[in-house]
Amino acid sequence: MRIALVTETFPPEVNGVAMTLGRLVRGLAARECELLVIRPERRDEILLEDADSPFEEYILPGYPLPGYAGLRFGQPCIWNLYSKWKQCRPDVVHIATEGPLGMAALLVAKCLGICVTSTFHTNFHQYGDHYRYGFLKSAMLGYLRWFHNRFACTLAPTRQMADELEKDGFERTGVLSRGVDTELFSPEKRCEALRSSWGVEREDRVFIFVGRVAAEKNIQLAVEAYEAARGLDERSRMVVVGDGPETKRLKALYPDVIFAGMQRGEDLAKHYASGDVFLFPSVTETFGNVVTEAMSSGLAVVTYDYAAGREYVRSGVSGLLAAFNDQGDFFDKAQEAWNLGNGALVEMRAKARETAAGISWERVIDDFRTTLYAMRESVSSADG
């Protein structure tokens, strides 16, 4: 099967969407699918031919995405896509992002009668309250609904998310979950030297947050929960891994918080595993890959009861779940995690790791391939 993946973010960019797509593409290529990744050119990118790459890339012009340094919208290059797909027609076009490049790909695929599918990765319509365009929420949701209802199917990362989309008028929804790399994200990556650099001893507690340091991640609530705990034990520390538009402001407000910046690969895994309690108060996730990465790293996770938290965390066993968007309850659960005895915390962390061990990327990729085959066949039958 020849698959064209259209996306405005892809590795080595660091975000949940890029990571997920990178995994899917390499997994499909290993299953004898022919992959063409269509994406915008990155800022200051030097294009190199990689003979060992298991997929082909088709790079198109782009322009910066406001507020997201390093990310770019793809330009709606309709003629480029038309010429490319006339020359080498894909069996399925899968569109992962809803920007101008995604729209152009949708129009061209429909014009050529190619099966076109999508995934729903980001709740952009929920970002408005954080970026002063909340008044556009209904319009944005209307656009997303119109856009995704043009596809043979739209795959959400959880059943809960798919049900919510259906309630909002999205049609032909399905589920494509997420896996976790349990070899990379492992408790064995815990590093006492790194912890010492944070100023903590072996028995001291470290709160950790991993993700984009941005308003939509609700990171200030995590820091405030840490500050409350630190009032009880000054030896506690909080480490924020990531970067973003809120970094400078939060550094000025909370000088005791350690901002470790963007980390990748083994360094990221080491930072995860060297923490004790993972705080994730975001309420705008479709999934939240960092939750399962933290669990795989052996951390007690405190998050809201939705998305990956609802899917995988057993509250009181492998982490603690707060009522959705209830800041007071999140505070309480963070305090509860902080007050766990050493034995109870060790057991909770072990249960988190045990749960993560069963979250396989292999199954996710197999399910994705099966879905694309089924969509291709259904569209071919309808055309016939």
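It should be emphasised that the depicted structure is a prediction, and the values quoted were computed from it without experimental measurement.

### Remarks on the overall build of the chain
At step 1: A tally of regular secondary structure across the chain gives 14 helices and 15 strands.
At step 2: Seen through its principal axes, the chain has C-alpha atoms that stretch 70 × 45 × 40 Å.
At step 3: Split into buried and exposed, the 384 residues of the chain put 54% on the buried side.
At step 4: Sequence-distant contacts in the chain: of pairs separated by 6 or more residues, those separated by 24 or more amount to 66%.
At step 5: Counting 44 positive and 53 negative side-chain charges, the chain places the averaged centre of each group 2 Å from the other.

### Observations concerning the nonpolar core
At step 1: Met238, Tyr272, Phe278 and Leu279 are the most contacted members of the largest nonpolar core, which totals 63 residues.
At step 2: When residues of this core are assigned to their parent elements, the largest contribution, seven residues, is made by helix 7 (residues 219-230).
At step 3: The contacts of leucine 279, once residues within four sequence positions are left out, are Phe207, Ile208, Phe209, Ala222, Ala225, Met238, Val302, Phe330 and Ala334.
At step 4: In this structure, Val25, Ala96, Leu155 and Leu176 belong to the second largest nonpolar core, which totals 26 residues.

### Let's talk about the packing of aromatic side chains
At step 1: For the structure on display, the rule yields 15 aromatic pairs.
At step 2: Centroid distance phenylalanine 147 to phenylalanine 151: 5.2 Å. Interplanar angle 70 degrees. Geometry classified as edge-to-face.
At step 3: A network of ring pairs unites the aromatic residues Phe185, Phe209, Tyr272, Phe278 and Phe280 as a single cluster.
At step 4: In this structure, lysine 84 is placed above the aromatic ring of tyrosine 58, and the distance from its NZ or CZ to the ring centre is 5.0 Å.

### Examining the sheet that holds strand 9 (residues 173-175)
At step 1: With parallel pairing, seven strands are arranged side by side in an open sheet as 3-2-1-6-7-8-9. Of all the strands in the sheet, just strand 3 (56-60) and strand 9 have a single pairing partner and so form its edges. Strand-to-strand twist across the sheet, computed as the mean angle between neighbouring axes with direction ignored, equals 25 degrees.
At step 2: When strand 1 (residues 2-6) meets strand 6 (residues 92-95), the two strands line up parallel, connected through four bridges. Its bridge partner being in strand 6, alanine 4 is matched across the sheet by valine 93.
At step 3: The sheet strands contacting helix 5 (residues 159-167) are strand 8 (154-156) and strand 9, and the helix crosses strand 9 at an angle near 175 degrees.

### Some points on the side chain of asparagine 289
At step 1: Structurally, asparagine 289 is set in helix 10 (residues 289-296).
At step 2: Accessibility expressed as a relative area gives 10% for asparagine 289, which makes it buried.
At step 3: A distance of 3.3 Å separates the side chain of asparagine 289 from the backbone oxygen of glycine 16, its partner in a polar contact.
At step 4: Among the polar contacts listed, one links the side chain of asparagine 289 to the side chain of threonine 20, at a separation of 3.5 Å.
At step 5: Those residues in contact with asparagine 289 that sit more than four places away from it in its chain are Gly16, Met19, Thr20 and Arg178.

### A word on the sheet that holds strand 13 (residues 277-280)
At step 1: Pairing is parallel across the open sheet formed by six strands, whose spatial order is 12-11-10-13-14-15. Across the chains shown, the open sheet's two edge strands, defined by having one partner strand only, are strand 12 (258-261) and strand 15 (319-322). On average, adjacent strands in this sheet sit at an angle of 20 degrees to one another, irrespective of strand direction.
At step 2: Of the pairings in the sheet, the one linking strand 10 (residues 206-210) to strand 13 comprises two bridges and is parallel in character. Bridging across to strand 13, phenylalanine 207 finds its partner in valine 277.

### What about the packing of helix 3 (residues 100-112) against helix 4 (residues 137-148)?
At step 1: Remark: helix 3 packs on helix 4, axes separated minimally by 11 Å, with the N-to-C direction vectors making an angle of 30 degrees. The handedness of the crossing between helix 3 and helix 4 is left-handed. Across from Gly102, Met103 and Leu106 in helix 3, the residues of helix 4 making contact are Tyr143, Trp146 and Phe147.

### Here's the deal with the environment of arginine 230
At step 1: If you trace the backbone, arginine 230 turns up in helix 7.
At step 2: As a C-alpha pair, arginine 230 and arginine 205 span 25 residues in sequence and 9.9 Å in three-dimensional space.
At step 3: In contact with arginine 230, other than residues within four places in its own chain, are Ser236, Arg237 and Asp256.

### Here we look at the pattern of salt bridges
Between side chains of opposite charge, pairing is possible as soon as their charged atoms come close.
At step 1: Counted by the stated rule, this structure contains 25 salt bridges.
At step 2: In this structure, the salt-bridge partner of glutamate 362 is arginine 31, at a minimum N-O distance of 2.6 Å. Of this pair, glutamate 362 sits in helix 14 (residues 361-383) while arginine 31 sits in the loop between helix 1 (16-30) and strand 2 (34-40), and the two are 331 residues apart along the sequence.
At step 3: Residue glutamate 362 is classed as partly exposed on the basis of its relative accessible area, which comes to 46%.

### Comments concerning the environment of phenylalanine 330
At step 1: Checked against the element boundaries, phenylalanine 330 lands in helix 12 (residues 327-339).
At step 2: By relative accessible area, phenylalanine 330 is classed as buried at 0%.
At step 3: On a C-alpha basis, the gap between phenylalanine 330 and valine 6 in space is 37 Å, while along the polypeptide they are 324 residues apart.
At step 4: Apart from residues no more than four positions distant in its own chain, phenylalanine 330 is found in contact with Leu221, Ala222, Ala225, Leu279, Phe280, Pro281, Val302, Thr303, Tyr304 and Ala322.

### Description of the confidence of the model for the chain
Low-confidence regions, as indicated by low pLDDT, have predicted coordinates that should not be scrutinised in detail.
At step 1: Residue-level pLDDT values for the chain average 90, and 91% of them are 70 or greater.
At step 2: This model gives residues 123-128 a pLDDT under 50, and the stretch forms 21 contacts once residues within four places in sequence are excluded.

Analysis parameters
Residues numbered from 1 in each chain as written. Predicted model: local features only at pLDDT ≥ 70, side-chain atom pairs only at ≥ 80, totals over all residues. Heavy atoms only, no water. Helix = DSSP H or I, 4+ residues; strand = E, 2+ residues; numbered from the N terminus. Buried < 20%, exposed > 50% of the residue type's maximum accessible area, 1.4 Å probe, protein only. Contact = heavy atoms within 4.5 Å. Lys, Arg positive; Asp, Glu negative; His and termini not counted. Charge placed at Lys NZ, Arg CZ, Asp CG, Glu CD. Core = buried A, V, L, I, M, F, W, Y, C linked by side-chain atoms within 4.5 Å. Phe/Tyr/Trp six-rings, centres within 6.5 Å; stacked < 30°, edge-to-face > 60°. Lys NZ or Arg CZ within 6 Å of the ring centre and 35° of its normal. Pairing = 2+ DSSP bridges. Axes fitted to C-alpha atoms, helices over the stretch in contact; angles between N-to-C directions. Polar contact = N/O pair within 3.5 Å; in protein donor to acceptor, adjacent residues only side chain to side chain. Left-handed = near helix turned anticlockwise from the far one by under 90°. Salt bridge = Lys/Arg side-chain N within 4 Å of Asp/Glu carboxyl O. pLDDT = per-residue confidence, 0-100.

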